[in-house]
Amino acid sequence: MKILFYDTKSYDKESFTKQAVNYPDIEIDFLKMDLGPHSCVTAKGYDAVCGFVNSNVCEKTLKTLSEEGVKLVLMRCAGFNNVDLEAAKKYGIRVMRVPGYSPEAVAEHAMMLALAANRHVHKSYIRVRENDFSLAGLMGINFYGKTAGIVGTGKIGAAMARICHGFGMKVLAYDVYQNPDLDFATYVSLDELLANSDLISLHCPLMDNTYHLICRDTIQKMKDGVILVNTSRGGLVDTNDLIEGIRARKFFAVGLDVYEEETANVFENRSDEILEHSTTARLLSFPNVIITSHQGFFTSEALAAISKTTFENAICFEKGESSPNEVKA
């Protein structure tokens, strides 16, 4: 079986090459360009392609892949909102993902963002480097005894809930499906969670009914001085409404690993560019906002798990077996 990997960085190549020794029947190649309507012609002669969070797996891409003989799209991530599943079904292409590579990696990053934004670590770090040891503007709050609101309690949300519980926080949860393992959490309506949480952390997929879940209306329902963290998908938050809320001093702090404008930025070095009309620049202009570059998943353990599951998905396809990792329209 031959797999062509798109949008690969050095760490992707290293991780998958290391794992590939355990799968001698799979041949792999890597491209730096991302998967999309114009690049997919390079997949001729391959059985499968592997994309990532920014890959454009639209109908045009899938049609061309089908014409080139590709029968499988492997997504080395949990999200699949960038895949046209109806088109995949139309062209007889199976789609598999990696739903749970390292929930703790993302949850730990979410808590790191919450802590760093709360205690203004980004500002303190710069000050101390310039021999400024003053404390003005650096005051935070205790998380102990406060209330954490976890929106989405799948594997990552559940891991975040356990971290918050370990900090001595009361945990409120909102999800269509309640997680029976979170016996310390109280499931409530979204409105109740918004109104009572000191920390709100988003851990739900991006779908039609969750797009701009955080918007002017839901922000107005939050407590004043709330801390908001998003390590899930940028589209969950209406950026303009978020900026409006920050300016209105609704938020004590905001930590983002994902945001709506991130597609051109994620995993790229744009330090020599002038980012005109940049939402990122607008967000970074606020002293109580921290943004990281979609790195919540980025641990050695997570990369190893992603590699292994991706190869296992390919083997499952090769054997004609069904898989819980397959996503369908």
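The coordinates are above.
In this text the structure is predicted, and so the values were computed from the model without any measurement.

A. Region of the structure containing the packing of aromatic side chains. Applying the stated rule across the entire model yields eight aromatic pairs. Ring geometry for Phe-52 and Phe-297: centres 5.8 Å apart, planes at 70 degrees, overall edge-to-face. Of the two residues, Phe-52 is situated in the loop between strand E3 (48–51) and helix H2 (59–67) and Phe-297 in the loop between strand E12 (289–291) and helix H11 (300–318); the sequence distance between them amounts to 245 residues. For the pair Phe-52 and Phe-297, one class covers both residues: buried. Joined through ring pairs, the aromatic side chains of Phe-5, Phe-16, Tyr-23, Phe-30 and Phe-311 make up one cluster. Between Lys-2 and the ring centre of Tyr-46, over which it is positioned, the NZ or CZ distance is 4.8 Å.

B. Looking closely at the sheet that holds E3. Here five strands make up an open sheet; going across it, the order is E2-E1-E3-E4-E5 and the pairing parallel. Edge positions in the sheet fall to strand E2 (27–30) and strand E5 (94–96), since each has one partner strand and no second. Direction aside, neighbouring strands of the sheet carry axes that sit 20 degrees apart on average. The pairing of E3 with strand E4 (residues 72–75) spans four bridges and is parallel. Following the sheet pairing, Ala-48 is matched in E4 by Leu-72. Against the sheet, helix H1 (residues 10–20) makes contact with strand E1 (2–5) and E2, and its axis sits at roughly 175 degrees relative to E2, the strand it touches most.

C. Inspection of the sheet that holds strand E9 (residues 199–202) at higher detail. Across the sheet, seven strands lie side by side as E8-E7-E6-E9-E10-E11-E12; this open sheet has parallel pairing. Pairing within the sheet leaves two strands with one partner each, and these edge strands are strand E8 (186–187) and E12. Here strand E10 (residues 226–230) runs beside strand E11 (residues 251–256); their pairing, made up of five bridges, is parallel. Each bridged residue has a counterpart across the sheet, and for Asn-230 the counterpart in E11 is Leu-256. Each of E9, E10, E11 and E12 touches helix H4 (residues 103–118); the most contacted strand, E11, lies at about 140 degrees to it. Docked against the sheet, helix H9 (residues 239–247) engages E10, E11 and E12, running at close to 145 degrees with respect to E11.

D. Seen up close, the pairing of E4. Neither face of E4 is exposed, since Leu-72 and Leu-74 on one face and Val-73 and Met-75 on the opposite face are all buried. Once you follow E3 into H2 and on to E4, the crossover reads as right-handed. The pairing of E4 with E5 spans three bridges and is parallel. Along E5, the bridge assignment pairs Leu-72 with Arg-94. The parallel pair E4 and E5, bridged by helix H3 (residues 85–90), forms a crossover whose chirality is right-handed.

E. Quick look at the environment of Tyr-46. Within the secondary structure, Tyr-46 sits in the loop between E2 and E3. Tyr-46 sits in the buried class, given a relative accessible area of 13%. As a C-alpha pair, Tyr-46 and Asp-25 span 21 residues in sequence and 14 Å in three-dimensional space. A polar atom in the side chain of Tyr-46 sits 2.8 Å from the side chain of Asp-29.

F. Expanded view of the environment of Val-73. Among the structural elements, Val-73 can be located in strand E4. Taking C-alpha positions, Val-73 is 9.9 Å from Leu-4, a pair spaced 69 residues apart along the chain. Apart from residues no more than four positions distant in its own chain, Val-73 is found in contact with Val-49, Val-57, Leu-62, Leu-65, Ile-93, Arg-94, Val-95 and Met-96.

G. Structural detail: the nonpolar core. Counting 49 residues, the largest nonpolar core has Ile-3, Leu-62, Leu-65 and Val-73 as its most contacted members. By residue number, the principal contributor to this core is H11, which donates six residues. Residues within four places of Leu-65 in sequence aside, it is in contact with Cys-40, Ala-43, Val-49, Val-70, Val-73 and Ile-93. Among the nonpolar cores identified, the runner-up in size contains 28 residues, and Leu-172, Val-188, Leu-236 and Leu-256 belong to it.

Definitions and limits used
- Residues numbered from 1 in each chain as written.
- Predicted model: local features only at pLDDT ≥ 70, side-chain atom pairs only at ≥ 80, totals over all residues.
- Heavy atoms only, no water.
- Phe/Tyr/Trp six-rings, centres within 6.5 Å; stacked < 30°, edge-to-face > 60°.
- Helix = DSSP H or I, 4+ residues; strand = E, 2+ residues; numbered from the N terminus.
- Buried < 20%, exposed > 50% of the residue type's maximum accessible area, 1.4 Å probe, protein only.
- Lys NZ or Arg CZ within 6 Å of the ring centre and 35° of its normal.
- Pairing = 2+ DSSP bridges.
- Axes fitted to C-alpha atoms, helices over the stretch in contact; angles between N-to-C directions.
- Contact = heavy atoms within 4.5 Å.
- Right-handed = clockwise from strand over helix to strand, strands pointing away.
- Polar contact = N/O pair within 3.5 Å; in protein donor to acceptor, adjacent residues only side chain to side chain.
- Core = buried A, V, L, I, M, F, W, Y, C linked by side-chain atoms within 4.5 Å.

What is shown is where atoms sit, not what they do.
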